[in-house]
Amino acid sequence: MHLLLLLLATAPLAAELPAAARERILRKMDDTAPRYDEIARRIWEFAEVGYQETRSSALLQETLRGAGFTLRAGVAGAPTAFIAEWGSGKPVIALMAEFDALPGLSQQAGAAEKKPRAEAVAYGAGHGCGHNLLGTAVVFAAIAARDEMAERKLGGTIRVLGTPAEEGGSGKVYMARAGAFDGADVALTWHPGDANHASLDSSLANITAKFTFHGTASHAASAPENGRSALDAVMLMTHAVELLREHVPQETRLHYIVTNGGAAPNIVPDTAQVYLYARHPKMTALDGIWARVLKCAGGAAVATGTRVDTELVSSVWDVLPNDALTALLDRNLRAAGGVTYTAEERAFAAKLRGTFDLAGALPLGSEAGVRAMTDSRGPGGSTDVGDVSWLLPTGQFTTATYVPGTPGHSWQSTACAGAAIGRKGMLVAAKTLALAVAELAGDARQVAAAQAAFERRRAGAEYRSRIPANAKPPLDYRKK
């Protein structure tokens, strides 16, 4: 068995997609792009946070249903999760679509200064991670690949997974447990960014929780001795976490917000809460770090005479890269090309770059090219794609939907995601995915190579989600 995997891993891949097929796909997608631009714009306007993406999910489902895909909604107990399929037989190619927004990042499209939208949006949300583009491009690619597979009478199944709450809700973990990825041979996706890049980057494993302390209320002036401050406990826990930073591996990330600090200054708070994220490049190392975070919470409760409830919100694994799928995506990303700005867009880009630190930023103009596949800037965030990547071969890439240098999860990235600049990068992503799906559907050897690369990277490691097996999706995790 090991010899077979080695042979598959080292055997040359089959020829690329025939030139005529490639040109046909790209031409058709250029012709139909305006329709998907409008879908992405509408989802950007909806700006719905995790597990509440009702209109966004419905719009993508409607688009797929109209293209002949069969639909199953409400997967894994998440109302906005869905599975759409077209075709039959092998290979089964899973495409992962995200569509949730981030709270507090409302911003006007194409504005080069901080300017929240005039319309009221729940949680003041905005698409600062570009998921309006992500989900739309996946649906666009699935329909374009369907057309090509039908044209050439290729076998295979396209499975679009509408995966909610990527931003801290672990939607893909619950979908995987419900069997959404069962039978799939490979999984593909992409992510908005400031460069066109298929790489072997991983990501940060992540565990998040809300720590709610319960104390005793009292008059803060006339009887403070009778109170047991839950806010004191929050402050003591966060101080302990700050001290912990010196004694964890340097790649660790610990960050938090205080979601409840009490009701009024003259009342000793009987309830207070901190929402904390812990990250590390490897889940196995994060386990030990998380155990120490829990001790920080427990110690704070003991010291202040309070009680703490710990609500695990989410947990995701680090991404397991796949060499074969990354090469496939890199090749088709180069065929799709880069992003070309108009003179007006270049002026906007130059002005936007004046609003953030450019140290280490890619130069303006880099959006027109494709970075080398081996070029890596290291893991920067966390994603529930990581869990999927430990279950089956998974590939992903980025395209330049943001002005080069733009920080993610910012008002600047929201502005780009709602503008033509973002939609141009989205088209590059959709083309790349469509070409990749068409290649995989027509060549079983590439699927075998992806599986061999998966087995080699995994090397017998055991995957186990840190979310309890009986847990249900935290549908209200954005509520404080």
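Counting starts from 1 at the beginning of each chain's written sequence and moves along it residue by residue. Totals for whole chains, interfaces and linings use every residue, but because this is a predicted model, local features are given only for residues with pLDDT of at least 70 and side-chain atom pairs only at 80 or more, for both listing and counting. Side-chain metrics rest on all non-hydrogen atoms present in the structure, leaving aside hydrogens and water.

Explain the environment of A111 residue by residue, including any values.
Under the scheme used here, helices are H or I runs from DSSP no shorter than 4 residues and strands are E runs no shorter than 2 residues, and both carry numbers assigned from the N terminus. Here A111 is to be found in the loop between β3 (92-97) and α4 (131-152). The exposure class of A111 is buried, given its relative accessible area of 8%. Other than its neighbours up to four places away in sequence, A111 contacts F348, L352, W411 and A415. Burial classes follow relative accessibility: with a 1.4 Å probe on protein chains only, a residue under 20% of its type's maximum area counts as buried, one over 50% as exposed, and anything between as partly exposed. Any two residues having at least one pair of non-hydrogen atoms within 4.5 Å are treated as being in contact.

Describe the pattern of salt bridges, with residues and values.
The salt bridge definition used is simple: a Lys or Arg side-chain nitrogen within 4 Å of an Asp or Glu carboxyl oxygen. Taken as a whole, this structure holds 25 salt bridges when the rule is applied. The residue R445 makes a salt bridge to D443 at a minimum N-O spacing of 3.6 Å. Overall, the relative accessible area of 56% leaves R445 in the exposed class. A residue is classified by how much of its surface remains accessible, and D443, at 9% relative accessible area, is buried. The residue E455 makes a salt bridge to R458 at a minimum N-O spacing of 3.0 Å. Taken together, the positions of E455 and R458, both in helix α13 (residues 444-458) and three residues apart, correspond to about one turn of that helix. Its relative accessible area of 25% is what places E455 among the partly exposed residues. Overlapping salt bridges, with partners in common, bring together R24, E148 and R152 in one network.

Any details on α13? Residues and values, ideally.
Working note: α-helix, 3.6 residues per turn, so residues spaced by three or four point in the same direction. One less than the number of residues in a helix, times 1.5 Å, gives the span that helix is expected to have. In this model α13 runs 21 Å from its N-terminal to its C-terminal C-alpha over 15 residues, within 8% of the 21 Å that 1.5 Å per residue would give. Among all positions in α13, only Q446, V447, A449, A450, A452, A453 and F454 are buried. Where α13 begins, the side chain of D443 points an oxygen toward the backbone nitrogen of R445, at a separation of 3.0 Å. Think of a polar contact as two N or O atoms within 3.5 Å of one another; within protein, one of them needs to be a possible hydrogen donor and the other a possible acceptor, and neighboring residues in sequence only count if both atoms come from side chains.

Please give an account of the packing of helix α2 (residues 19-46) against helix α12 (residues 420-441) that cites residues and values.
Two elements in contact, α2 and α12, have axes separated by 9 Å at closest approach and are oriented at 135 degrees. By the angle between their directions, the pair α2 and α12 is classed as oblique. Both α2 and α12 take part in a crossing whose hand is right-handed. Listed contacts from α12 to R22, I25, L26, M29, D30, A33, Y36, D37, A40 and R41 of α2 are R423, M426, L427, A430, K431, A434, L435 and A438. Axis definition: a line fitted to C-alpha atoms, over the contacting stretch in the case of helices. Angles run 0 to 180 degrees between N-to-C directions. In this scheme, roughly parallel covers angles under 35 degrees and roughly antiparallel covers those over 145, while 65 to 115 is roughly perpendicular and the rest are oblique. Should the near helix be turned anticlockwise from the far one by less than a right angle, the crossing is left-handed, and should it be turned clockwise, the crossing is right-handed.

The analysis is restricted to geometry; functional conclusions fall outside its scope.
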